[in-house]
Amino acid sequence: MDTNYLENNYLTLVGKVTGEKRFSHEIYGERFYIFDLSIPRLSGNADIIPITVSERLITDEMLQEGKKLLVKGQFRSYNSYENEKNRLILTVFAKDVTELEEDEQEENEISKKDTITNEVVLIGYICKKPIYRQTPFGREIADLLLAVNRAYNKSDYIPSIAWGRNARFCQNLEVGTRVKIVGRVQSRNYEKKLEDGTVETRVAYEVSIGSLEVIDEKDDEKENKEDVENKEAV
C-alpha cells in the first residue's frame, strides 16, 4: 500500500519567534536553521517548539524576535549520539512559513473561538506497549510511542500522551496497532539525574492527544481500492 507522507504527518502552528536562529546542517548546498516558536496555551502558558527550516523559505526579517508566523510541516525525530549514548531528538520540519500581521481584533477572536494555533495529525503504529498510570490526584495518563512512516523507508518516532478515557482506552492497545491521533505539540521541562549525581533540567517534546482512532488495515485497503476503481470509472 502506498503511503502519502503528507497525510500521515502534518501540522499547523501559529506563534511568535523567540530567541535567535541557530545553524542546523547543510545538504547539497542548502542550509537549514533552527529557531524557536512560542505558541500560547489557553491556560496562559506557552509551548516553545523548535522549528527546522530551509534558508530558502525564510528571511532574516521573518525570524526577528516577536514576529508572528504560520508554520506548516511535519513533526519529526532523529537520533543524536552524545557521549556514546543514543538520544531521540524531536523537531518540527517546516515545509511552508508565512509571516502574519499583528491584529488585536484577530487576537481576541483567537481567544473567543479557539482558532487552531497548534494542531498535529499523525497516522502510525504503536511501537511500544502503552504505559498507563494515575497521578496522586487520580488523573489518568497513558504514554505512547508512535512510529510514523516517512519516505525512503524511514520512520519518525513520536512520543505522545493521552488523558482520561483516551488513556484508559490506550492501555489495551497492542504493539503494531495502527492509529490516527489529533492533538497539539507541547514542550515540558523535566529533571534528568546524571551519572555523576548532578541534576540537569531538560525539555521534552511530545504530542498531547485530543482524539485517537484505531484504523483497521482491511477497511483502509478497501477504501483505497474503491478510490482507485472510482478514478478508473471516470
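Residues numbered from 1 in each chain as written. Predicted model: local features only at pLDDT ≥ 70, side-chain atom pairs only at ≥ 80, totals over all residues. Heavy atoms only, no water.

Participant: Whenever I open this one, the packing of aromatic side chains confuses me. Can you help?
Facilitator: The description of an aromatic ring pair uses the distance of the two centres, along with the angle that the planes make with each other. The full count for this structure, using the stated rule, is two aromatic pairs. With a centroid separation of 5.9 Å and 80° between ring planes, the pair formed by phenylalanine 23 and tyrosine 33 is classed as edge-to-face. Of this pair, phenylalanine 23 sits in strand β1 (residues 9-27) while tyrosine 33 is found in strand β2 (residues 30-40), placing the two residues ten residues apart along the sequence. For tyrosine 33, a relative accessible area of 13% puts it in the buried group. A cation over an aromatic ring shows up here: lysine 21 above the ring of tyrosine 33, its NZ or CZ 4.4 Å from the ring centre. Positioned over the ring face of phenylalanine 93 is arginine 76, at 4.2 Å from the centre of the ring. (Phe/Tyr/Trp six-rings, centres within 6.5 Å; stacked < 30°, edge-to-face > 60°. Helix = DSSP H or I, 4+ residues; strand = E, 2+ residues; numbered from the N terminus. Buried < 20%, exposed > 50% of the residue type's maximum accessible area, 1.4 Å probe, protein only. Lys NZ or Arg CZ within 6 Å of the ring centre and 35° of its normal.)

Participant: Before we go on, may I ask you to explain the side chain of serine 208 in this structure?
Facilitator: On the secondary structure map, serine 208 appears in strand β11 (residues 199-214). A distance of 3.1 Å separates the side chain of serine 208 from the side chain of tryptophan 163, its partner in a polar contact. (Polar contact = N/O pair within 3.5 Å; in protein donor to acceptor, adjacent residues only side chain to side chain.)

Participant: For this particular structure, what's the right way to read the pattern of salt bridges?
Facilitator: What the rule picks out here adds up to 13 salt bridges. A salt bridge links aspartate 143 to arginine 133; the nearest nitrogen and oxygen atoms lie 2.4 Å apart. With aspartate 143 in strand β8 (residues 140-150) and arginine 133 in strand β7 (residues 131-134), the pair connects residues that are ten residues apart, well separated along the chain. Here arginine 188 ties to glutamate 206 by a salt bridge, and the two come within 3.1 Å at their closest N and O atoms. On the criterion of sequence distance, the pair formed by arginine 188 in strand β10 (residues 178-193) and glutamate 206 in strand β11 is long-range, its members being 18 residues apart. Overlapping salt bridges bring together Arg41, Asp47 and Arg184 as one network. (Salt bridge = Lys/Arg side-chain N within 4 Å of Asp/Glu carboxyl O.)

Participant: Explain unusual backbone geometry here, please?
Facilitator: Excluding glycine, a negative phi dihedral is what most residues carry, and trans is how most peptide bonds are arranged. With a phi close to 50°, tyrosine 28 is a non-glycine residue in the positive phi region. Classification of tyrosine 28 by relative accessible area gives exposed; the value is 84%. The residue asparagine 153 is not glycine, and still its phi comes out positive at about 60°.

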